[in-house]
Amino acid sequence: MTTMIEASDLGIAFSGTQVVKGVSFDVEPGESFGIVGESGSGKSTVLRALAGLNRDWSGQICFDGNKVGLRRDRTFYTKVQMVFQDPFGSLHPAQTIDRILSEFLLVNGIGDIDGRVNRALAEVALPSSVRFRFPHQLSGGQRQRVAIARALIAEPEVLLLDEPTSALDVSVQAEVLNLLADLRQRLGLTYVMVSHNLAVIAHLCARMGAMQHGIMVEQLTTEALRNDKAVHAHTRELVDLSLSLETVEAAAL
Amino acid sequence: MLVDIQDLRIAFVSNGTRFEAVRGISLSLDLREKLGIVGESGSGKSLTARALMRLLPKQADVRATKMTFDGIDLLSQSEREMRKIRGGRMGFVLQDPKYSLNPVKTIGTQIAESWRTHKRGNRKEAREAALDLLEQVMIRDPKKVLDAYPHEISGGMGQRAMIAMMLAPDPELLIADEPTSALDASVQAEILRLIDHLVESRGMGLILISHDLPLVSHFCDRVSVMYMGQQMEEIAAADLARAEHPYTRGLLNCMPMLNKPRAILPVLHRDVAWLEEKAQ
C-alpha cells in the first residue's frame, strides 16, 4: 500500500514572511493524523496548501503516490475534501441544503443527485426534512453535519478537517467527534485534522505533529503522548496545559 | 448584595406567538464573589447578562420580581441613569475582540475614551491612564500597543485591551460573556487568570459566562448551570465533582480528555422533564 499523503519540506511564505518552514510528514491510508499548535503556528496554512487553496508553496506534496502541482484537477477533488471551522461562514446563506449538497454533483456531471443527497444526509444522521431548509434554520451542530455531508458527497478518500468542532458547544462537539470517528471507520477515510485543542486531537488521531512558529517541532503517537513521552518543550507545555484544565473532570469521574 | 435577580423572565413575541427564552432565573452576587453561568447555546445565559445591563432590544419583554444592582432597581431606571451605571459601575467584556473593538481607532484612543467618559480629565491624563491600564492587563510593550490598531495585535492582546477598557472607570461588577472562546487554549487560560487576578485585587464581583464547565469551575466560586432558559442547579465550584444533576454530569462527561481516552464520547441525553418549570 502506498502512503496516502506525503508532504516533504513544505515551505509557505506570505509576502516575504516565511510562515511554514520545512514541514514534512506522511499519512498512511486509513490513518488519522493531527496537527496541533497555537494560532499563528502555521497549522491551518499547511492544511490549506494540502487542499490546494494556497498556491504559493514550495516542497513536495504527494497524494496516493502521485505528485500534485500548484493547480489541482477535478479528480483530485473527488479524492480529497475539506471541512472548515466555522459552519456559519462556510455554508452559502441563500442556498438550501439541497443546493449546497448537490453543487459538487452538478459541477462534475454526476447523476442520481436525489439519491446521493439523501444518502449523504443519512450518513451524517440528519433527518431528510432539513434538505429544503436554509443554513440559518439549522443549529450550529446541524450545520457542521451539513458541511461534513458536503465533503462526503464526493465520496473522497481523504478528509482535511480544519478545527471542525471549535465553533461548537462542548455537548455538540462530542456528537460531531463521534460522527467523525464513526465515518472514518465505516468508510475507511484518511483524516488530517488541525486543532489547537490537544484533547480533541488525541481523541480522534492516533498520531500527531505539534507545530510552533511554522516548524513541526515533534511528531509522536497519541499513545506516547499519553504515556508522557513527549520530548520537545512546546509539546510538553501543551500537554501540561491540557491536563491542568481537565483536572475537575478527572476528579468528577 | 451587589446583584440580586429574582424570577427573571425574558420573552420575545414574533408573529403573535410569545416565546419565553429565559424562564424564572434567580441569581445573586456579592462583591468579591465570582459566579459562573454555564450552558449550551440557546440556554439564555447571555440574555440574562444583557438583561442585567439593560442591553436587550425593545421588543424583548423583560420581567422580574426583583432585579437590583447595589440596591438600585434596574427595571425602573431611565436610559439616562442606566448609562451612568453601564460601563461605569458594570463592565462588560464581550466574546470576540475582532468584532468588539473599533477597527479605525487605535487601542490607546479607545481606552482613553472609555476613561474620559466616566472619569473626566484632559487628553494627556487619559493617555497616561490608558498606558497604566495596559500595564495592569500585563501587556509587555504597552507603549507600542497604545498606538496600534486592532488588526495589528493578536486576539489575546485585543482581549486584554478590551478588559483594560472595561476596567478604566473602576467598575464594581465585571460581566464577561464567553471572554475566551475566540482564543487559543493557552491564551484562554492566560486571560482567565488575568481576569481572576484583577477581580481579586480590585475586590470586584465577577459574572463569567461560558459553555465550558470545567474551565469556568477553575475560576469561579459558584456555578449556575442553565438549560433552555432555566436554572438546572447552582453549585459551589468545589463540589462540581460531586454534582448530581444529569445535565451537569453530561456537560462534564462529554469533553474529550487527554488522560482518559474513550473510543466513543458520551453524548448528552436531554430529558424532557428538565423543560418543565420548577415551582419557585
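The model shown is predicted, which means the values in this text are computed figures rather than measured ones.

**Here we look at the UniProt feature "domain: ABC transporter" (unreviewed entry) in chain B**
Taken from the UniProt record, the annotation "domain: ABC transporter" (unreviewed entry) applies to residues 3–253 of chain B. In residues 3–253 of chain B, helix accounts for 39% and strand for 27%; the two terminal C-alpha atoms are 31 Å from one another.

**Examining the state of the cysteines**
A disulfide bridge is the covalent bond that connects two cysteines by way of their sulfur atoms. Counted by the stated rule, this structure contains 0 disulfides over all chains. Cys254(B) carries a free sulfur, and the closest cysteine sulfur to it, the one in Cys220(B), is 18 Å from it.

**What to know about the UniProt feature "domain: ABC transporter" (unreviewed entry) in chain A**
What UniProt calls "domain: ABC transporter" (unreviewed entry) maps, in this numbering, to residues 5–238 of chain A. Within the segment residues 5–238 of chain A, helix and strand shares are 37% and 28% respectively, and the terminal C-alpha atoms sit 26 Å apart.

**Observations concerning the environment of Thr65(B)**
The residue Thr65(B) is located in the loop between strand S4 (60–63) and strand S5 (66–69) in this model. A distance of 3.1 Å separates the side chain of Thr65(B) from the backbone oxygen of Gln6(B), its partner in a polar contact.

**Remarks on the packing of helix H3 (residues 97–107) of chain A against helix H5 (residues 140–152) of chain A**
Residue and element names in this part refer to chain A. For the pair H3 and H5, interaxial distance at closest approach is 8 Å and the crossing angle is 25 degrees. The angle between H3 and H5 places the two elements in the roughly parallel class. Note that H3 runs across H5; the crossing there is right-handed. Two secondary-structure elements touch here, H3 through Ile97, Ile100 and Leu101 and H5 through Val146, Ala149 and Arg150. Its residues assigned to classes, the contact of H3 with H5 comprises 5 nonpolar, no polar and 1 charged.

**Remarks on the pattern of salt bridges**
Residue and element names in this part refer to chain B. In the structure shown here, the tally under the stated rule is 35 salt bridges over all chains. A salt bridge links glutamate 33 to arginine 222, with the shortest nitrogen-to-oxygen separation between them at 3.0 Å. With glutamate 33 in the loop between strand S2 (17–29) and strand S3 (34–38) and arginine 222 in strand S10 (residues 222–227), the pair connects residues that are 189 residues apart, well separated along the chain. Each of Asp7, Arg9, Arg18, Glu20, Asp61 and Arg63 takes part in salt bridges that share partners, so that together they form one network.

**With respect to the packing of helix H4 (residues 107–119) of chain B against helix H5 (residues 123–136) of chain B**
All names here are of chain B. With their axes 8 Å apart at the nearest point, H4 and H5 run at an angle of 110 degrees to one another. When the axis of H4 is compared with that of H5, the two are roughly perpendicular. Here the hand of the crossing between H4 and H5 comes out right-handed. In this structure, H4 contributes Ile107, Gly108, Ile111, Ala112, Trp115 and Arg116 to the contact, and H5 contributes Arg123, Glu125, Ala126, Arg127, Ala129, Ala130, Leu133 and Leu134. When its residues are assigned to classes, the contact of H4 with H5 shows 9 nonpolar, 1 polar and 4 charged.

**A few points about a nonpolar patch on the surface**
A surface patch of nonpolar side chains, about 260 Å² in accessible area, is lined by Met228(B), Val272(B) and Leu275(B). Examined against the element boundaries, Leu275(B) turns out to sit in the segment after helix H10 (246–253).

**Thoughts on the side chain of Asp98(A)**
Here Asp98(A) lies in helix H3. Once residues within four sequence positions are removed from consideration, Asp98(A) is found in contact with Val117(A), Arg131(A) and Phe132(A).

**With respect to the pairing of strand S11 (residues 230–236) of chain B**
All names here are of chain B. With respect to burial, S11 is a largely interior element, 5 of its 7 residues being buried. By the bridge criterion, 6 bridges tie S10 to S11 in an arrangement that is antiparallel. Paired with arginine 222 across the bridge in S11 is alanine 236. Two successive antiparallel strands, S10 and S11, enclose a turn made up of 2 residues, where methionine 228 displays a positive phi of approximately 50 degrees.

**Brief notes about the interface of chain A and chain B**
Between chain A and chain B, the residue contacts involve 33 residues of the former and 34 residues of the latter. Across the chain A/chain B interface, buried area totals approximately 3100 Å², and carbon plus sulfur atoms make up 62% of it. Here chain A is connected to chain B by 1 salt bridge. Across the pair Arg270(B) and Glu175(A) runs a salt bridge whose closest N-O atoms are separated by 3.8 Å.

**Describing the packing of aromatic side chains**
Applying the stated criterion across every chain, the model contains 6 aromatic pairs over all chains. Taken together, a centroid distance of 4.9 Å and an interplanar angle of 15 degrees make the contact between Phe25(A) and Phe33(A) stacked. With relative accessibility at 2%, the residue Phe25(A) sits in the buried group. Phe33(A) sits in the buried class, given a relative accessible area of 0%. Aromatic side chains Tyr247(B) and Trp274(B) sit 5.4 Å apart centroid to centroid with 65 degrees between the ring planes, which places their arrangement in the edge-to-face category. Within this pair, whereas Tyr247(B) is found in helix H10, its partner Trp274(B) is found in the segment after H10, the two being separated by 27 residues in sequence. For the pair shown, Tyr247(B) and Trp274(B) are each scored as buried. Grouped by ring-pair contacts, the aromatic residues Phe63(A), Phe76(A) and Tyr77(A) constitute a single cluster. Lying over the aromatic face of Phe76(A), Arg72(A) brings its terminal NZ or CZ to 4.7 Å of the ring centre.

Rules used in this analysis
- Residues numbered from 1 in each chain as written.
- Chains lettered and ligands numbered in written order.
- Predicted model: local features only at pLDDT ≥ 70, side-chain atom pairs only at ≥ 80, totals over all residues.
- Heavy atoms only, no water.
- UniProt positions renumbered as here; feature names shortened; annotations may be inferred.
- Helix = DSSP H or I, 4+ residues; strand = E, 2+ residues; numbered from the N terminus.
- Disulfide = S-S within 2.5 Å.
- Polar contact = N/O pair within 3.5 Å; in protein donor to acceptor, adjacent residues only side chain to side chain.
- Axes fitted to C-alpha atoms, helices over the stretch in contact; angles between N-to-C directions.
- Parallel < 35°, antiparallel > 145°, perpendicular 65-115°, else oblique.
- Left-handed = near helix turned anticlockwise from the far one by under 90°.
- Contact = heavy atoms within 4.5 Å.
- Nonpolar A, V, L, I, M, F, W, Y, C, P; charged D, E, K, R; others polar.
- Salt bridge = Lys/Arg side-chain N within 4 Å of Asp/Glu carboxyl O.
- Patch = residues over 30% accessible without salt bridge, like charges linked within 9 Å, V, L, I, M, F, W, Y side chains within 5 Å.
- Areas by Shrake-Rupley, 256 points an atom, 1.4 Å probe, with all protein chains shown as cover.
- Buried < 20%, exposed > 50% of the residue type's maximum accessible area, 1.4 Å probe, protein only.
- Pairing = 2+ DSSP bridges.
- Buried area = accessible area lost by both parts, 1.4 Å probe.
- Phe/Tyr/Trp six-rings, centres within 6.5 Å; stacked < 30°, edge-to-face > 60°.
- Lys NZ or Arg CZ within 6 Å of the ring centre and 35° of its normal.

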